[in-house]
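# Structural overview for review
Residues per chain, in single letters:
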Amino acid sequence: MHEALDFDEFASTRARRLFQVAYLMCGDFHQAQDLVQVTFAKLFAVWGRLGRTVPDAGLDAYARKVLLRTYLSQRRLRRSGEVPTGAVPELPDGDGGSASELRLTLLAALRQLPPRNRAAVVLRYLEDHSLESVAEILGCSVGAVKGLNTRGLAKLRELLGEDRELLFRH
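### Some remarks on the overall build of the protein
Per the secondary structure count, the protein includes 9 helices and 0 strands. Along the protein, helices and strands appear, N-terminal first, in the series α-α-α-α-α-α-α-α-α. Within the protein, buried positions represent 41% of all 170 residues. Expressed as a percentage of contacts within the protein between residues at least 6 apart in sequence, the contacts between residues at least 24 apart total 66%. Approximately 9,800 Å² of the protein is accessible, and the part contributed by carbon and sulfur atoms is 53%.

### What about the nonpolar core?
Counting residues in each nonpolar core, the largest one holds 34 residues, and the members touching the most others are Phe10, Met25, Phe40, Leu43, Leu68, Tyr71 and Leu138. Secondary-structure elements contributing two or more residues to this core are helix H1 (7-26), helix H2 (29-45), helix H3 (47-53), helix H4 (56-77), helix H6 (115-126), helix H7 (131-138) and helix H8 (142-160). Examining the composition of this core, we find that 8 residues originate from one element, H1, more than from any other. With residues up to four places along the chain from it excluded, the contact list for leucine 138 reads Leu68, Arg116, Ala119, Ala120, Val145 and Leu148. Membership of the second largest hydrophobic core comes to 8 residues, among which are Ala109, Val121, Leu156 and Leu160.

### Points about the environment of lysine 146
Examined against the element boundaries, lysine 146 turns out to sit in helix H8. Counting along the chain gives 15 residues from lysine 146 to leucine 131, while the straight-line C-alpha distance between them is 7.5 Å.

### Concerning the side chain of threonine 39
As for its position among the elements, threonine 39 is in helix H2. For threonine 39, a relative accessible area of 0% puts it in the buried group. Those residues in contact with threonine 39 that sit more than four places away from it in its chain are Ala63, Val66, Leu67 and Thr70.

### Thoughts on the packing of aromatic side chains
Applying the stated rule across the entire model yields 6 aromatic pairs. With a centroid separation of 5.4 Å and an interplanar angle of 80°, the aromatic rings of phenylalanine 7 and tryptophan 47 are classed as edge-to-face. Within this pair, whereas phenylalanine 7 is found in helix H1, its partner tryptophan 47 is found in helix H3, the two being separated by 40 residues in sequence. Taken individually, phenylalanine 7 and tryptophan 47 each receive the classification buried, so the pair is uniform in this respect.

### Quick notes on the pattern of salt bridges
All told, the structure shown has 4 salt bridges when counted by the stated rule. Among the ionic pairs, lysine 65 bridges to glutamate 136, the shortest N-O distance being 3.8 Å. Of this pair, lysine 65 sits in helix H4 while glutamate 136 sits in helix H7, and the two are 71 residues apart along the sequence. For glutamate 136, a relative accessible area of 53% translates into the label exposed. A salt bridge links lysine 155 to glutamate 158, with the shortest nitrogen-to-oxygen separation between them at 3.5 Å. Of this pair, lysine 155 and glutamate 158 both sit in helix H8, 3 residues apart, roughly one helical turn. Under the relative-accessibility criterion, lysine 155 is labelled partly exposed at 30%.

### Regarding the packing of H1 against H2
Here H1 crosses H2 at 140°, and the two axes come no closer than 8 Å. One element, H1, and the other, H2, form an angle in the oblique class. In the crossing of H1 with H2, the sense of the turn from one axis to the other is right-handed. Contacts from Phe7, Phe10, Ala11, Arg14, Ala15, Leu18, Phe19, Ala22, Tyr23 and Cys26 in H1 reach Phe29, Gln31, Ala32, Gln33, Leu35, Val36, Phe40, Leu43 and Phe44 in H2. Of the residues assigned to the contact of H1 with H2, the class counts are 16 nonpolar, 2 polar and 1 charged.

Quick notes on the rules
Residues numbered from 1 in each chain as written. Predicted model: local features only at pLDDT ≥ 70, side-chain atom pairs only at ≥ 80, totals over all residues. Heavy atoms only, no water. Helix = DSSP H or I, 4+ residues; strand = E, 2+ residues; numbered from the N terminus. Buried < 20%, exposed > 50% of the residue type's maximum accessible area, 1.4 Å probe, protein only. Contact = heavy atoms within 4.5 Å. Areas by Shrake-Rupley, 256 points an atom, 1.4 Å probe, with all protein chains shown as cover. Core = buried A, V, L, I, M, F, W, Y, C linked by side-chain atoms within 4.5 Å. Phe/Tyr/Trp six-rings, centres within 6.5 Å; stacked < 30°, edge-to-face > 60°. Salt bridge = Lys/Arg side-chain N within 4 Å of Asp/Glu carboxyl O. Axes fitted to C-alpha atoms, helices over the stretch in contact; angles between N-to-C directions. Parallel < 35°, antiparallel > 145°, perpendicular 65-115°, else oblique. Left-handed = near helix turned anticlockwise from the far one by under 90°. Nonpolar A, V, L, I, M, F, W, Y, C, P; charged D, E, K, R; others polar.

By themselves, these observations are geometric and do not establish any function.
Written out as structure tokens, the structure is:
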């Protein structure tokens, strides 16, 4: 299937995008690096078998699925590791702040979502996957993905309040 694509080439071309997805899911730079590293370790362990069972086009989806399952697994193991904050940081008055401040506000709000809701929102709206694709990655039904997204977006709206409109101006 992907005889010509060796593991090193795959890892070097996908690392940045997997890191971005991992960071959006966990909200921590170092944990995102760890998630990507563990994901690549798991992929390396089965790379020979993947060559026979997964086409080149499916490798990215498979890697995202491994990343997501690793993230959810680590979340279950580290439930007490996260320190909740009292509120989403306030945006400065005036023009609504810079794009980086808006990004930080959104990331802070994303970190307050439950892990599966966060993963569903990130995959659906930030990674632009179809409902069916998200359902396959999460290992649940399309209806469950819709529910996760609905609850996740409602919580984000609640957390962002009036500031959510600023996110769409930039």
